[in-house]
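# Observations on the model geometry
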Amino acid sequence: MALLGAAAVKNPVFREICSSKSKTVKFIEPEISLTFSNHNRLLYSCEGVFGIKTGFTKKAGRCLVSSCERDGLELISVVLNCPPMFERSKTLLSNAFNDYKAYKLIESENIIDFIDSERGKIAITIKNDVILPLKENEYKNLRIKYEYPSFLSDFSNNEIGLIKIFCENNLIFTEKIYTII
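Only a predicted model underlies this, so the values are computations on that prediction, with no experimental measurement involved.

Broken down by element type, the protein carries five helices and 13 strands. C-alpha extents for the protein along the principal axes are approximately 70 × 45 × 30 Å. If you take every contact in the protein between residues at least 6 apart in sequence, the share linking residues at least 24 apart comes to 46%. For the protein, the accessible area works out to roughly 11,900 Å², and carbon and sulfur atoms hold 51% of it.

For the rest of this paragraph, the subject is the sheet that holds strand β5 (residues 73–79). Pairing is antiparallel in the open sheet, where three strands are placed in the order β3-β4-β5. Of all strands in the sheet, those bounded by a partner on one side alone are β3 (49–57) and β5. Adjacent strand axes in the sheet meet at a mean angle of 5°, parallel and antiparallel pairs treated alike. Relative to β5, strand β4 (residues 61–70) is paired through seven bridges, and the arrangement is antiparallel. Paired with R70 across the strands is L73, a residue of β5.

In the structure shown here, the tally under the stated rule is nine salt bridges. In this structure, D129 and K104 form a salt bridge, with 3.4 Å as the shortest nitrogen-oxygen distance. One end of the pair, D129, is in the loop between β8 (120–125) and β9 (130–134); the other, K104, is in strand β6 (residues 101–106), with 25 residues separating them in the sequence. Of the charged contacts, one joins E147 and K145 as a salt bridge, the two residues approaching to 3.5 Å between their closest N and O atoms. With relative accessibility at 27%, the residue E147 sits in the partly exposed group. Through salt bridges with shared partners, a single network forms among R15, E69 and E74.

Scoring rules and cut-offs
Residues numbered from 1 in each chain as written. Predicted model: local features only at pLDDT ≥ 70, side-chain atom pairs only at ≥ 80, totals over all residues. Heavy atoms only, no water. Helix = DSSP H or I, 4+ residues; strand = E, 2+ residues; numbered from the N terminus. Contact = heavy atoms within 4.5 Å. Areas by Shrake-Rupley, 256 points an atom, 1.4 Å probe, with all protein chains shown as cover. Pairing = 2+ DSSP bridges. Axes fitted to C-alpha atoms, helices over the stretch in contact; angles between N-to-C directions. Salt bridge = Lys/Arg side-chain N within 4 Å of Asp/Glu carboxyl O. Buried < 20%, exposed > 50% of the residue type's maximum accessible area, 1.4 Å probe, protein only.

This is the structure:
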């Protein structure tokens with residue numbers, strides 16, 4: 001559910017729909033207007049929340065998938081079979097925002113290095129900023145490893161390596177390295 005929510009909130013139309021507190025729909029035949037209200041109480045009580053989905057079935061119980069953004073950090077919370085789903089989600093999100101901060105580790109516009117090639121020096125970079133949610137002690141224990149060739153002879157693919165980010169000895173993130181041609 002968290003992975004689905006994280007993928008869905010990348011769509012701006014989906015975000016707009018989920019964050020709507022109410023919507024009035026006007027019908028032509030018969031000529032009436034109906035107002036539909038969003039039942040997600042977190043939209044009213046938790047700073048930065050903009051959705052995603054409330055739900056209930058007999059088997060799953062009360063469920064809530066929430067998305068919340070504060071200070072450049074966006075989190076997804078999922079509670080399943082949780083009678084106090086709004087309260088629990090609010091607590092989970094508050095605790096996570098207290099514990100984690102968004103750290104921009106590498107900017108996409110920066111040149112990482114220059115490597116030799118048959119055409120001379122070639123600049124290399126990444127296509128997306130690397131921003132990770134980390135606890136302060138995790139940030140202090142990060143190690144970034146760049147893996148790319150020292151010489152480039154094949155220009156058929158501009159994807160030439162990887163950046164690997166480790167927290168202590170655990171690999172937590174990878175990003176592709178590309179040539180700038």
